[in-house]
Amino acid sequence: MDIETMWLVTILGAPLAAALLLSLLGGRGARMAGWMAGLAAALSLAGTFALLPALQRGEDPTLGFRWIPAAGIRLTLHIDWLTFPFLITEAAVTLLAVVYTWGYHRTDERTSFFYALLLLFAVGMSGTTLADDMFLFYIFWELMLVASCALIAVWGEGEQRGAVALKYFIFTHLGSLMVLVGLIVLYDATGSDSFSALRAGVTLAPGLVMTVTTLFIVGFCVKMAIFPLHLWLPDAHTVAPMPVTIMLAAAMLSMGTYGVLRFPLSIFSPAQMTSFAVPMMVAGIVSEIYGALMALAEQDIKRIIAYSSVSQMGYILFGLGTLTFDGIAGATLHVIYHAIVKALLFMCVGLVVRATGRRRITELGGLGSAMPVVALCTAAGALAIAGSPPFCIFDSEWMIFAGGFHTAHIGLSILTLFGSLLTVAYALWFVGRIFFGARPQGLTVGRLPWAMVVPTILLAALALIEGLFPAPVFDWVAHELTLILGGVW
Amino acid sequence: MTGSVWVVLPLACLTGGALAVYLVARLWTSRNDRLALFTALVLVAALGMLAPLFGLTQAPLSAAEGLPTWGYFGPGGAFLRADAGALVVACVALGLGTLVTIYSGRYLALDRRQENYYPLLLLLVTGLVGMVMATDLFNLYLFCELMSVAAYVLVAFRRHLDTAIEAGLKYLVMGSVGTVTILMGLSFVYRETGTLVLPLMMGAPGPWTRAGTACFLVGFGIKSAVVPLHTWLPDAHGRAPSSISTMLSGIVVQSVLYALLKVCLGLGFPARDLGTLLMVLSLFNMTLGNALALVQTYTKRLLAYSTIAQLGYIMFSLGIGLRYALPIAIQAGFFLLIAHAAMKGLAFLCKGVCHFYYAATQIADLRGTAARMPLVAMAFSVSLAGLAGVPPLAGFAGKWFALSGGLQASGVLVYLGLVIFLLNSLLALGYYLPLIGTLFTSQTSEVSSQIRISPWMALPLVILGTLILAIGFYPGPWLDWTAGASAYLLALGR
């Protein structure tokens, strides 16, 4: 076992081992649970970075063995350039969410289980991206759902949490089942469940290609919360405890994008995908505008940011739908940048709620003087999500729009461009209503724990730095496209 | 007497064991835990006696050749044959029976008349094993009746409860209708062929044999709860002691299904048509089972309806396999059978623990189980999540194989069936997940203190829970195990 394989195992193994240990310790481990979870998440992130040199040398570290020989099913972990941007996003978001939890979560006898489930959620996400086999992919895909659903059902806010968790599970499971059928059709066609076999090429009847692609795209759009498949998202994001919301919004939504890139786009040729371009672009625009309008109409500050995710996923789907180099690279960059900014905004919401105990935007106002650091971070997040330079999302939106203008559908591209005006509207309105104006009667501001503030500042800085120096991340993302598109562009 | 003595040895062991347990209870000790231990030893011994058969039954060249048999072969003959499918069913029955017996070592401690319970349980298993191995219709009928009668009495075992008597009576009446129908079919077949030995009837069936086959379909259909002949099942499985529900839901109805396939194929019913029939019926089974499970308020009735639905999944896989001659689909059916036995068995046993310690009957009574009995809550969740098909548990592997088998076939009925199958697995989440949620909801009314559950009960829970995880994580060997069964059924249908 060489050093790369070891790191590959660490990415999954460290959080998994910590989760198991924490569940075994139960109430006895409550005091050190946070530190253990943080350590595991940090190891996972370190493992991801440690594999970067190998990728740059042109290797792709793999670990695999036979699992169910009778059915040709293997168990393989594999990292390549398509995996890497997503993996790094999840690992980083997990680490920050765990640190944020130190301040957010009050320690009680169930704390160990909370951290254990957070880590399992993270294992589900990184496993999904690392898996090189359909069987394994689907196991991790559902682990992600089960763990997050349990977190919402047990630690959610409000009496409705059980119902919300059920709705979340059933809705996303519907998408999973579509993906499962698509996977099994491919499995039956190739006789092996390995992605490597798929990359080598798969021949399907043209009608079957259409069916499978539709199943994949619709299935993954449920996870991406594209209108009208977004119904689970606002409730789940609002009810979930804040660290879980951060992981849901910043990392889990991107799994849908990964799925679209990994399955239909990498397996089928661009010619086979052309008929899906316009539907994807249109669905993206509808989602973008609908999400932004709903964000404008909402009163609850957590729901505003939740609907903003629906809108942002619309940009990503539009970018994927363009089927151009710029559009797909922009969409992938947008996944990373959206993760940074969305985590930042949710952390800010969490800080405001923690400090004031209020969530309705009409009951907030004038907090800028009382909590200047949070105000600054929120403003950075809002400007970033509005796509204003020099923050990071400007770069990715630029790429997405550029991709749009490369296609024959200039009208649609202009529509997205103007749709982004609505994003500006809700983002600025959000900051303005909370931090400026007169402070309502009886609004007091409590102390904030450092563990919640530090990650927030870090993310705000990152949003700026990424905007100024996008080259390294862009370089990682650009590598993926040769995998997907081959030599076509 | 010719043939391999290994075929008949387990049956002799079980029957003798039943008698011995009764005598021990009468003459020596009627202590529940000792009787349970003794019964478990008998079952383990019988399981051990099946072991030598494994090497002999894998991948037969044709249906009739090379399988270990015991008895007279000829027009007036009667004999048993250990085929691979029968072995799978028998092993599951004996394994589950052993765990149920250990569990009963504590579960029945507050009951009386245990000297009847354990021998009846052994007779139930004897009937089951004999039924799946019987290759002549006469023996098949006898063993089926032995199993059924034992089951009727066991369902009504707590006879001081009106509900138990009612459920037992309903089961008895419906079951007897099935029995009579089978007997009628048997006479039709005998009238035309002059023999009851299945391998001697390989020619084209005449009108009487066809009528007989129809009778067998209805009769066995009643006993294996094929919709719309399922009406007795929710009562019987919902009212019986949990340990008995485990056996009934886990393996008894499935074993009747296997007997149904064997008889129908043996009587010359074309495999293709039988497959189509099974597929169509299975859609009703899964839809009705899931839809009615959604509205249940009693835990055991919910689990019973879930059995009807899961039986539909098994029938669906077997049906596709028979219709399109796809070995992998039949294997998937048997795999689902094994997985379901473990999962449903565990669910009923967990429910029984809750009933034993705090008289939980309704779903709402299960609130706070996680705080009182963490082990039971964990095991219950594993079994329910497995039934819902959540990876990496056994149910998911079954779903994967069923889907991948189904998608290899093509046809309107298959696609329609697969869509209904998937919608059903979504529908099923609607009752499995809230049930898991109920376990972990804290009880508001009273202070919950932890209950130490007896090791007699904990051991089967742990074993079955581990098994569900093991089957899910490492389904390969289990799938291989069913290869012989699918080869046998396909050879039989040819």
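Our subject is the structure listed above.
Asker: Honestly, the overall build of chain B in this entry has me stumped. Any pointers?
Answerer: Each helix and strand counted, chain B has 19 helices and two strands in total. By the compact-globule yardstick of 23 Å for 494 residues, chain B fits well, its C-alpha radius of gyration being 21 Å. With the principal axes as the frame, chain B shows a C-alpha extent of 70 × 60 × 40 Å. Counting the 494 residues in chain B, one finds 64% classified as buried. Expressed as a percentage of contacts within chain B between residues at least 6 apart in sequence, the contacts between residues at least 24 apart total 79%. Carbon and sulfur atoms make up 69% of the accessible area of chain B, which totals about 16500 Å². In chain B, the 26 positive side-chain charges and the 15 negative ones have mean positions that sit 4 Å from each other.

Asker: Explain the overall build of chain A here, please?
Answerer: From N to C terminus, chain A includes 19 helices and two strands. Expected size for 489 residues packed as a compact globule is a radius of gyration near 23 Å; at 21 Å, chain A falls within 12% of this value. When its C-alpha atoms are laid out on the principal axes, chain A stretches across 70 × 60 × 45 Å. For chain A, with 489 residues in total, the buried portion stands at 62%. Long-range pairs, those at least 24 residues apart, make up 82% of the contacts in chain A with a sequence separation of at least 6. Summed over all atoms, the accessible surface of chain A reaches about 16300 Å², with 69% contributed by carbon and sulfur. Averaging the locations of the 22 positively and 26 negatively charged side chains of chain A gives two centres separated by 13 Å.

Asker: Explain the nonpolar core to me, please; I cannot follow it from the model alone.
Answerer: Buried together is how nonpolar side chains tend to be arranged in soluble globular proteins. Judged by nonpolar contacts, the single largest core of 370 residues is most densely connected at A:L186 and B:L137. The element contributing the most residues to this core is helix α12 (residues 327–358) of chain B, with 22 residues. When residues of this core are assigned to domains, at least three fall in each of domain 1 (1–265) and domain 2 (270–494) of chain B. Excluding anything up to four places from it in sequence, A:L186 contacts A:M134, A:L198, A:V202, A:L204, A:V212, A:F216, A:F263, A:I267 and A:F268. In terms of nonpolar packing, the next biggest core, distinct from the first, is built from seven residues, A:M281, A:I285, A:F401 and A:L412 among them.

Asker: Got a minute to help me understand the packing of aromatic side chains in this structure?
Answerer: Remark: the centre distance and the inter-plane angle together describe each pair of aromatic rings, the angle taken between the planes. Residue and element names in this part refer to chain A. As enumerated under the stated definition, the model contains 40 aromatic pairs over all chains in all. Centroid distance W141 to F220: 5.4 Å. Interplanar angle 80 degrees. Geometry classified as edge-to-face. A residue pair is termed long-range when its members are at least 10 positions apart, and W141 in helix α6 (residues 134–155) and F220 in helix α9 (residues 206–224) qualify at 79 residues. Exposure class is identical for W141 and F220. Each is buried. Look at Y290 and Y307: their rings are 6.4 Å apart centre to centre, the planes differ by 75 degrees, and that puts the pair in the edge-to-face class. A residue pair is termed long-range when its members are at least 10 positions apart, and Y290 in helix α12 (residues 270–297) and Y307 in helix α13 (residues 301–322) qualify at 17 residues.

Asker: Can you help me understand the pairing of strand β1 (residues 62–68) of chain A in this one?
Answerer: Successive residues of a regular strand alternate their side chains across the two faces of the sheet. Residue and element names in this part refer to chain A. Pairing analysis gives six bridges linking β1 to strand β2 (residues 73–78), with the strands arranged antiparallel. Looking at the pairing, G64 lines up with T76 of β2. With antiparallel pairing between neighbouring strands as the criterion, β1 and β2 make up a hairpin whose turn holds four residues, including G72 at a positive phi of roughly 65 degrees.

Asker: I'm lost on the pattern of salt bridges in this one. Help?
Answerer: Residue and element names in this part refer to chain A. The final tally for this structure, using the stated rule, is 15 salt bridges over all chains. Salt-bridge contacts for R359 lead to D300; the nearest nitrogen and oxygen are separated by 3.1 Å. With R359 in the loop between α14 (325–356) and α15 (372–385) and D300 in the loop between α12 and α13, the pair connects residues that are 59 residues apart, well separated along the chain. By relative accessible area, R359 is classed as partly exposed at 22%. Taken together, the salt bridges that share partners define one network made up of E157, D300, K302 and R359.

Asker: Would you take a moment to explain the interface of chain A and chain B for this structure?
Answerer: Quite often, the size of an interface is put as the accessible area lost when its parts meet. Chain A puts 23 residues into the contact, and the matching count from chain B is 25 residues. When the two sides are added together, the surface that chain A and chain B hide from each other amounts to roughly 2300 Å², 84% of it contributed by carbon and sulfur. The largest share of the area that chain A buries against chain B comes from A:W67, A:F135 and A:I184, three residues that together contribute 22% of it. Remark: the boundary between chain A and chain B carries zero salt bridges. Summed over the shared surface of chain A and chain B, the number is one residue pair in polar contact (both at pLDDT 80 or more). For the side of chain A that touches chain B, the elements supplying multiple residues, two or more each, are β1, α6 and α7 (161–190) of chain A. Considering each element in turn, the side of chain A that touches chain B owes the most residues, twelve residues, to α7(A). Residues belonging to the side of chain A that touches chain B are distributed by class as follows: 20 nonpolar, one polar and two charged.

Asker: How should α12(A) be read in this particular structure?
Answerer: Given 3.6 residues per helical turn, the α-helix brings residues three or four places apart onto the same face. Residue and element names in this part refer to chain A. The end-to-end C-alpha distance of α12, which contains 28 residues, comes to 39 Å, matching closely the 40 Å that a straight helix rising 1.5 Å per residue would cover. Considering bend angle alone, the principal kink of α12 is centred on F276 and spans about 45 degrees; proline P279 follows within four residues of it. Among the residues of α12, M273, F276, A277, M280, M281, G284, I285, S287, E288, G291, A292 and A295 are the ones counted as buried.

Asker: Which parts of the structure should I look at to understand the packing of helix α3 (residues 84–107) of chain B against α12(B)?
Answerer: Geometry of a packed helix pair, given as the angle between the helix axes and the separation of the axes. Residue and element names in this part refer to chain B. Axis separation between α3 and α12 bottoms out at 11 Å; the angle between their running directions is 10 degrees. If you check the angle between α3 and α12, you find them roughly parallel. Between α3 and α12, the residues in contact are G85, V88, V89, V92, L96, Y103, R106 and Y107 and F334, I338, A341, L349, G352, V353, H355, F356 and Y357, respectively. Its residues assigned to classes, the contact of α3 with α12 shows 13 nonpolar, three polar and one charged.

Asker: Quick question: what am I supposed to make of the packing of helix α15 (residues 394–408) of chain B against helix α16 (residues 412–440) of chain B here?
Answerer: Residues and elements named next belong to chain B. Here α15 crosses α16 at 160 degrees, and the two axes come no closer than 10 Å. Taken together, the axes of α15 and α16 are roughly antiparallel relative to one another. Considering how the two elements wind past one another, α15 and α16 form a crossing that is left-handed. Of the residues in α16, those touching α15 at K399, A402, L403, G406 and L407 are V414, Y415, L418, F421, L422 and S425. For the contact of α15 with α16, the class distribution of residues is eight nonpolar, two polar and one charged.

Criteria and cut-off values
- Residues numbered from 1 in each chain as written.
- Chains lettered and ligands numbered in written order.
- Predicted model: local features only at pLDDT ≥ 70, side-chain atom pairs only at ≥ 80, totals over all residues.
- Heavy atoms only, no water.
- Helix = DSSP H or I, 4+ residues; strand = E, 2+ residues; numbered from the N terminus.
- Rg over C-alpha atoms; globule rule 2.2 N^0.38 Å.
- Buried < 20%, exposed > 50% of the residue type's maximum accessible area, 1.4 Å probe, protein only.
- Contact = heavy atoms within 4.5 Å.
- Areas by Shrake-Rupley, 256 points an atom, 1.4 Å probe, with all protein chains shown as cover.
- Lys, Arg positive; Asp, Glu negative; His and termini not counted.
- Charge placed at Lys NZ, Arg CZ, Asp CG, Glu CD.
- Core = buried A, V, L, I, M, F, W, Y, C linked by side-chain atoms within 4.5 Å.
- Domains from an automatic or database assignment.
- Phe/Tyr/Trp six-rings, centres within 6.5 Å; stacked < 30°, edge-to-face > 60°.
- Pairing = 2+ DSSP bridges.
- Salt bridge = Lys/Arg side-chain N within 4 Å of Asp/Glu carboxyl O.
- Buried area = accessible area lost by both parts, 1.4 Å probe.
- Polar contact = N/O pair within 3.5 Å; in protein donor to acceptor, adjacent residues only side chain to side chain.
- Nonpolar A, V, L, I, M, F, W, Y, C, P; charged D, E, K, R; others polar.
- Expected span 1.5 Å × (residues − 1).
- Bend = angle between axes of the 7 residues up to and from the residue.
- Axes fitted to C-alpha atoms, helices over the stretch in contact; angles between N-to-C directions.
- Parallel < 35°, antiparallel > 145°, perpendicular 65-115°, else oblique.
- Left-handed = near helix turned anticlockwise from the far one by under 90°.

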